[in-house]
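# Observations on chain architecture
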Amino acid sequence: MSEKSDLTKVTPPKELSEADNQAVFERLSRRLASFRNTAELYANAEDYAVNTKKAFETKDAFVDALNEWAQETLKNVWLACREPGGGEAPQFDPLSDTSTVGLPPLPPQKQLSPLLHTVLLLHVTSNKEYSSRTRAFLFLIGPIDEEVVAATLKDPRKAIEEAGKKTDAAKEEHARRSKVLRMVGVGVGAVAGGVLIGVTGGLAAPAVGAAATTVLGWLGVGGTAVGMLATGLAGSSVVCGALFGAYGSRRTAQVISEYTREVRDLSIKPVHEPKETMAVRLCVTGWLESPDDVTAPWTVFGGEDTFALQWASASEIEVEALQKLSTALVDLVTAQAMLYIKAQIIKQTFLAALFAALSPVAWMKITKIIDNPWMQTRALAVKTGKVLGTLLAQRVLGARPVTLVGYSLGSLVIFEALQHLASLPPAKTLGLVQDVFLFGSPLPTDPAQWAALRRVAAGRVVNGYGANDYVLAVLARVSGMNWGVAGLQAVDVQGVENVACEQVDGHLKWRGMIGQCLAQCGAPGVDRAEVARQLERKAAKIEEEVGMTEEEAERAVKAGPESDVPPV
């Protein structure tokens, strides 16, 4: 990543005129107001759905924290646009105009991206964290190469050197430039494990700060931005420590395992070798057919660091619960009553009518197979979710945006974690979670709970459901849930995206089709080649085990739901 470390890529382009910068600032400030207003709208929806004094107070606290974030972001945009209008940074007004009609277009990507990188670098270095709100907002504006910003933070000396090579300074400045760069080389410190170490000690910080100030001057950056960027680069090791902590290093698995073991019997496993990216993804599997299933479904992801939550790491009882559930699910879908249900679905019978027609004997046979394993593991998922919420609030994966992805009971773990975060002071959680992708979720469609989730997430909230997931419908009934199950239908809450995954007609199929469903949702970082391999290797195997032809459906219907002998 060090080859991307270049100060010219994270500073405003000199090619933009004063009028250009003013136009960019005007457009971005209006987009910011619109983004902020949408977030407040979600908070209002939660307040309306819950309708209690506490909900009203939470909404007010959220809006206060949101306005503080918007003000800081507006200032950074103003600085990146070279302080148009001069004087003090403008104050953010919640009633600001949000219309961009009639405004000049944004500059080309080649000029826009460095400006957005500047906003990001100012934000991260001044706050020692990367807010999910800032990330969601910037990606709405235009393309961002976060590797450039990360590389600059990890190796500011290299960034300054590369910028120095590209400047068009006069020949008489050449000697002074060499002297400055030599000064940087003396005190910068060692680079180990991809993270700059020792920048804040001895002569290093002043050297980096002085060199950055000089090079930024060559690049035409002036005003307050120079001091903020130079100071931020001088203290970049502190920023890296906050963003990545120990969790982005080669000791990732060991450190997180030790950390979580103190709280509960959990562990967080890297899906791929961590690269210390600016954002992180945490995935949660629904059940375990084998220990590999903790991480295997999530190899479809590339891009930012991806981890998987192993929520039965050392307790034999918990491991046994997850594996018993996997066995019980297979037994369930091959039971005659379930074969009958699937056959009727193939014949286009509605689930509600079909379930009403099943006899008590048929329900007793179904419940006998699944009741204990499902209820036991479901209770474990609820408990795990609350612990995960605590860990997320404590920034266990670093002070960077987190995207959460899960299916089946993994979705329940995430849902409970988000409910915990929603109960905390909004100022503590405002910039923590970016996107949330939940599939085949055994969750109620309760508007109040989903509105709380929607408030916490800065980016997208996606509910992927399979309307013909007859297994989940049975599990929901066993759990005492009503027909409002998120994994079976759309969630009617503003800001929640509902995606019908029609290819999933049985709960076991989520395991082999999760990559395809993520791609269908447009989830960032999905590797299409890995999705194809998952479909070929896992989805095809599951289809072979639980699929049903028209002929098999006819035999299942003839045998009826109460037969003890599966149709041949």
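Just so we're clear, the structure is a prediction, and the values are computed from it rather than from any experiment. Counting restarts for each chain: residues are numbered from 1 in the order of the written sequence. Note on the predicted model: pLDDT of at least 70 is required for a residue's local features to be given, and 80 or more for side-chain atom pairs to be given and counted; whole-chain, interface and lining totals, by contrast, use all residues. Side-chain measures here rest on the full set of heavy atoms in the structure, leaving out hydrogens and waters.

## Examining the overall build of the protein
Helix and strand counts for the protein come out as 22 helices and nine strands. A simple rule labels every residue: compare its accessible area, found with a 1.4 Å probe on the protein chains alone, to the largest value its type can have, and call it buried under 20%, exposed over 50%, or partly exposed in between. Buried positions account for 57% of the 568 residues belonging to the protein. We call two residues in contact whenever any of their non-hydrogen atoms come within 4.5 Å of each other. Sequence separation of 24 or more characterises 80% of the internal contacts of the protein that already satisfy a separation of 6 or more. Approximately 22,900 Å² of the protein is accessible, and the part contributed by carbon and sulfur atoms is 53%. Segments assigned H or I by DSSP are reported as helices when at least four residues long, segments assigned E as strands when at least two residues long, and all are numbered from the N terminus. Methods summary: accessible areas were calculated by the Shrake-Rupley approach with a probe of 1.4 Å, and residue burial reflects only the protein chains presented.

## Things to note about the packing of aromatic side chains
Here the distance between the centres and the angle between the planes together describe a pair of aromatic rings. Two rings from Phe, Tyr or Trp (for Trp, the six-membered ring) form a pair when their centres sit within 6.5 Å of each other. Planes less than 30 degrees apart are called stacked, planes more than 60 degrees apart edge-to-face, and all others tilted. Taken as a whole and judged by the stated rule, the model has seven aromatic pairs. Considering the side-chain rings of Trp287 and Tyr407, the 5.5 Å spacing of their centres and the 85° angle between planes classify their relative orientation as edge-to-face. Separated by 120 residues along the polypeptide, Trp287 in the loop between β4 (280-284) and β5 (305-310) and Tyr407 in strand β6 (residues 402-407) bring together distant segments of the chain. Like Tyr407, Trp287 is buried. Of the aromatic side chains, those joined through ring pairs into one cluster are Phe35, Trp69 and Phe137. Should the NZ of a Lys or the CZ of an Arg lie within 6 Å of a ring centre and within 35 degrees of the ring normal, that charge is described as sitting over the ring. Against the face of Phe244 rests Lys154, its NZ or CZ located 4.9 Å from the ring centre.

## Observations regarding helix α10 (residues 236-244)
Because an α-helix completes one turn every 3.6 residues, residues spaced three or four positions apart along the sequence face the same direction. Within α10, burial applies to Ser236, Ser237, Val239, Cys240, Leu243 and Phe244. Each buried residue of α10 sits inside an arc of 155° when the element is viewed along its axis, so together they form one side. It is the directions from the helix axis to the C-beta atoms that the arc portrays.

## As for the layout of surface pockets
Any residue with an atom within 4 Å of a point lines the site, the site being either a cavity, points on a 1 Å grid over the protein atoms alone where a 1.4 Å probe fits but cannot get out, or a pocket, an open set with protein on both sides within 12 Å along at least 5 of 7 lines. Grid points are joined across faces, edges and corners, and a volume is the space filled by probe spheres set on the points. Counted as a void, the largest pocket has a volume near 750 Å³. Contributing to the lining of the largest pocket are 40 residues, with Arg135, Ala136, Phe139, Gln434 and Asp435 lying nearest its centre. Elements supplying a minimum of two residues to the lining of the largest pocket: α1 (18-50), α4 (132-141), α5 (146-154), β6 and β7 (433-439). Class assignment for the residues of the lining of the largest pocket results in 18 nonpolar, nine polar and 13 charged. Gly is placed with the polar residues, together with every amino acid not listed as nonpolar (Ala, Val, Leu, Ile, Met, Phe, Trp, Tyr, Cys and Pro) or charged (Asp, Glu, Lys and Arg).

## Considerations on the environment of Leu392
For Leu392, the location among the structural elements is in helix α15 (residues 360-393). Judged by its relative accessible area of 3%, Leu392 is buried. Measuring from C-alpha to C-alpha, the distance between Leu392 and Thr429 comes to 9.1 Å, with 37 residues separating the pair along the chain.

## Regarding the pairing of β5
Summarising burial for β5: six of the six residues are buried, a large majority. On β5, burial covers both faces: Asp305, Phe307 and Leu309 on one face and Thr306, Ala308 and Gln310 on the other are all buried. At least two bridges found by DSSP between two strands are what make those strands a pair. Note: strand β3 (residues 267-270) against β5, four bridges, orientation antiparallel. Looking at β5, one finds that Ile268 is bridged to Leu309. By the bridge criterion, five bridges tie β4 to β5 in an arrangement that is parallel. Across the sheet, Arg281 pairs through a bridge with Thr306, a residue of β5.

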